[in-house]
Amino acid sequence: MNSIAPFLALLLLISSCGRLSAQTITPLYVNFFTHNEERDYCTGRTSDIYCYFPPTLPASQPCGYQDQTVFLKLRGVLKELADTVRAGGAKWNWESDWVFLAGVRSFDKGDAATGGKNIVRWIAENNNGAIEIDAHAHESTYNYADVAYMLDSLGGKPSKVVGGFTWNFTQGNNTYTWMDFDNGIKGWKYPSFTWKPDILWGAAGYNRRRGQTDHAYDVETPGIWQPKDTSETGFKSHDPSKRLILLGNGYGKANDSSKTAEQIAGEIIAFADSLRQGTKPPTGRLYSYSIDLHQKFWACPGYVARTARVIELLKPYVQQGRIVWATNTEKVTAWKAQYQSQPNLYPFAQNIVSGIRSEKIAEGMLGLAIAPNPASDQAVAYFNLARPERVSLKLYNVLGQEVALLLDAELEAGEHAIPLPLGHCPSSIVFVRISSAAFSITKSIQVLR
Ligand SMILES: [Zn+2]
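Now for a look at the structure at hand.

Reading the values: the criteria
- Residues numbered from 1 in each chain as written.
- Predicted model: local features only at pLDDT ≥ 70, side-chain atom pairs only at ≥ 80, totals over all residues.
- Heavy atoms only, no water.
- Donors = N, O, S within 2.8 Å, 3.2 Å for Na, K, Ca; no water.
- Tetrahedral: all angles 85-135°; square planar, octahedral: opposite > 155°, others 65-115°.
- Helix = DSSP H or I, 4+ residues; strand = E, 2+ residues; numbered from the N terminus.
- Buried < 20%, exposed > 50% of the residue type's maximum accessible area, 1.4 Å probe, protein only.
- Expected span 1.5 Å × (residues − 1).
- Salt bridge = Lys/Arg side-chain N within 4 Å of Asp/Glu carboxyl O.
- Phe/Tyr/Trp six-rings, centres within 6.5 Å; stacked < 30°, edge-to-face > 60°.
- Core = buried A, V, L, I, M, F, W, Y, C linked by side-chain atoms within 4.5 Å.
- Pairing = 2+ DSSP bridges.
- Axes fitted to C-alpha atoms, helices over the stretch in contact; angles between N-to-C directions.
- Contact = heavy atoms within 4.5 Å.

**Some details on the coordination of the zinc ion**
Distances from the zinc ion to its protein donors, Glu37 (OE), Glu37 (OE), His136 (NE2) and His138 (NE2), fall within 1.9 to 2.8 Å. Seen from the zinc ion, its four donor atoms lie at angles of 52 to 129°, and the figure they make is irregular. Between consecutive donors of the zinc ion, the numbers of intervening residues give the motif E-x98-H-x1-H. A residue pair is termed long-range when its members are at least 10 positions apart, and glutamate 37 in the loop between β1 (28-36) and α2 (68-87) and histidine 138 in the loop between β3 (131-135) and α5 (144-153) qualify at 101 residues. Look at glutamate 37 and you get buried, because its relative accessible area is 16%.

Laid out in C-alpha cells, this is it:
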C-alpha cells in the first residue's frame, strides 16, 4: 500500500485548513469489487449478463463464457474498467469465479492491448497494484481452492482474500464452514492444491428456513475483526486468538445501472462525512467500504464512464485524506500497522450516522433510517426489503405538500440506500415517505442551513 499519499494529504489539510486537526480525520477505506458469477454460465438457460443477453435465453443462444463472442465482450469491458481504475488512482478487488477463468483458458491467447498476455496475467502484472485478484466461488462444482489454483495457473497471483462466503452455514453445497479456511482447504477439481486464505470478505447470509443463501441475512458492516465462530453472536464477536480476519464491505454500494454516479459517490461521501462528525461512528478505527462493479451490468451503455465519474466525484475527499483507496489486503495491512489491529465491531444492524437504527427487520417489514439527521445538502434513506417490490420515495414539506418524487421503481430484495438531495430545501422539517403496495412509512429529517 502506498502509505505516503494519505500522510501527505493530511499535511496539506493541516496547512490549508486550520479548523481540522489531524486527529479528527478518520478516513474511510474504499475499493471497488467485482464478482463474475457462476450464473453467467447460464445453467437452465438463464444468464446474469444484462443488456447483452435477455434474462431468459432461447435454446439457440450460446451460453455465457462457453461462447467466445460473449467471453471477448466481457473481457473487453474488464480491460476498459482496469484502465479506468488505474488511471484514476482507485483500487479494485476483482473476484473471479471459475466460469470466467474457464473462458480465459479456452479463448484468451492475449492481444496487442495486453502485450500478448491473457487478461488475468495482464491484470496482475500491468496495473501497478491498482487491482487485486481474489478467488470467488459458489462451491457447487469448483471450490475456493480450485478457483485459486486456476487463477494461479493463469498468472493471476491470487490474494489470500475469500471473495464472499456464507457466515452462518456451510459453504455452498458442502460440508465445511468458513472456519475450515483457517487450516486451508483442498481443491475438488485439483485435490493436490491447498488454499489457506487470511481475510474473509463479503459475509453472505444463509436462511435456514428457506434452505438457501438470502442476502437479507448478510452481515453488512464497515468494521473489521477476528470472528469467533459461525453462530449469530460468535460471528459478531472479536476473538483475537482466531487467525482469520473479517473485513467489512460497508452497506451495499453498487454501480448497478439504476443509479447515477452522484448517487453512488454520495453514499460513500455520506459515510466519510459522518466520520468527520466524530461521534457516531466512533473515530480512530478502520472503516471499510466497497463499491460493487456488478458484472451483470457491464454490457449496459455508459458503464465504464459512470465508474470513471464516481472516481472523479470522490477525488476531493481522497485529496483531503478522508477517503483512502485501498485493496482488501491493503486495508488489512493498514489495520495492523495504523490501528494496532484494534477490532471495529461497527454495527451490522445499526445506522451509521446519527444513531437511528437501520434494522434488519423481520420478513415482511421494512426498516427506514435517514442519516445524517440533521442534514444540510444531502442525506441518505436506508431501508430493507424482504422481497422484490415496487417502491416509491417522496419528500413532503411541513404543509404536507409533495416536493419531490425521488424514486418509483421495482427494487430487489435486500438493503437499499437512496440519496436525498436537500440542497433546495430551506431550514425546516422535511418528511420522507416510502411506500409500496404493502406498506407506507414516514420519517422526518431536519434540514439546517
Ligand atoms: Zn457470486
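So much for the structure itself; the text now carries on.
**Comments concerning α2**
For α2, with 20 residues, the first-to-last C-alpha span of 28 Å sits near the 28 Å given by 1.5 Å per residue. Among the residues of α2, Val70, Phe71, Leu74, Arg75, Val77, Leu78, Lys79, Leu81, Ala82, Thr84 and Val85 are the ones counted as buried. Phi for glycine 89, located one or two positions after α2, is positive at around 75°.

**With respect to the pattern of salt bridges**
Tallying each qualifying case throughout the model produces 18 salt bridges. Ionic pairing is found between lysine 79 and aspartate 83, a salt bridge with its closest N-O pair at 2.8 Å. With lysine 79 and aspartate 83 both in helix α2 and four residues apart, the pair spans about one turn of that helix. Of the residues examined, aspartate 83 reaches a relative accessible area of 24% and is grouped as partly exposed. For the salt bridge of glutamate 412 with lysine 296, the shortest nitrogen-to-oxygen distance reads 3.7 Å. Taken together, the residues span a long stretch of sequence, with glutamate 412 in the loop between β18 (402-411) and β19 (414-421) and lysine 296 in the loop between β13 (287-293) and α8 (303-319) at a distance of 116 residues. What emerges from the salt-bridge pattern is a single network uniting Lys117, Arg121, Glu125 and Lys157.

**Things to note about the packing of aromatic side chains**
A complete count under the given rule lists 23 aromatic pairs for this structure. A centroid spacing of 6.4 Å and a plane angle of 65° characterise the contact between phenylalanine 165 and tryptophan 178, whose relative ring orientation is edge-to-face. Highlighted residues: phenylalanine 165 in strand β4 (residues 161-166) and tryptophan 178 in the loop between β4 and β5 (185-186), separated in sequence by 13 residues. With a relative accessible area of 3%, phenylalanine 165 lands in the buried category. Classification of tryptophan 178 by relative accessible area gives buried; the value is 2%. Members of the aromatic cluster, connected to one another through ring pairs, are Phe165, Trp167, Trp178, Trp225 and Phe235.

**Details of the nonpolar core**
Grouped together as the largest cluster of nonpolar side chains are 81 residues, with contacts concentrated most on Phe32, Trp92, Trp94, Phe181 and Trp298. Counting residues in each nonpolar core, the second largest holds 23 residues, with Val391, Leu393, Leu422 and Cys425 among its members.

**A short note on the sheet that holds β18**
The strand order β18-β17-β20-β21 describes an open sheet built from four strands, whose pairing is antiparallel. What marks the edges here is a single partner per strand, and that holds for β18 and β21 (440-447). Across the sheet, the axes of successive neighbouring strands diverge by a mean angle of 15°, strand direction being ignored. Strand direction decides the pairing type here: strand β17 (residues 389-396) and β18, joined by eight bridges, are antiparallel.

**Brief notes about the environment of glutamate 220**
Position of glutamate 220 relative to the elements: it lies in the loop between β9 (212-213) and β10 (224-225). Note on glutamate 220: relative accessible area 10%, which makes it buried.

**Some points on the environment of lysine 228**
In this structure, lysine 228 sits in the loop between β10 and α6 (232-235). For the pair lysine 228 and aspartate 239, spaced 11 residues apart in the sequence, the C-alpha separation amounts to 5.3 Å. Beyond its immediate chain neighbours, meaning those up to four positions away, lysine 228 contacts Trp178, Met179, Gly234, Ser237, Asp239 and Lys242.

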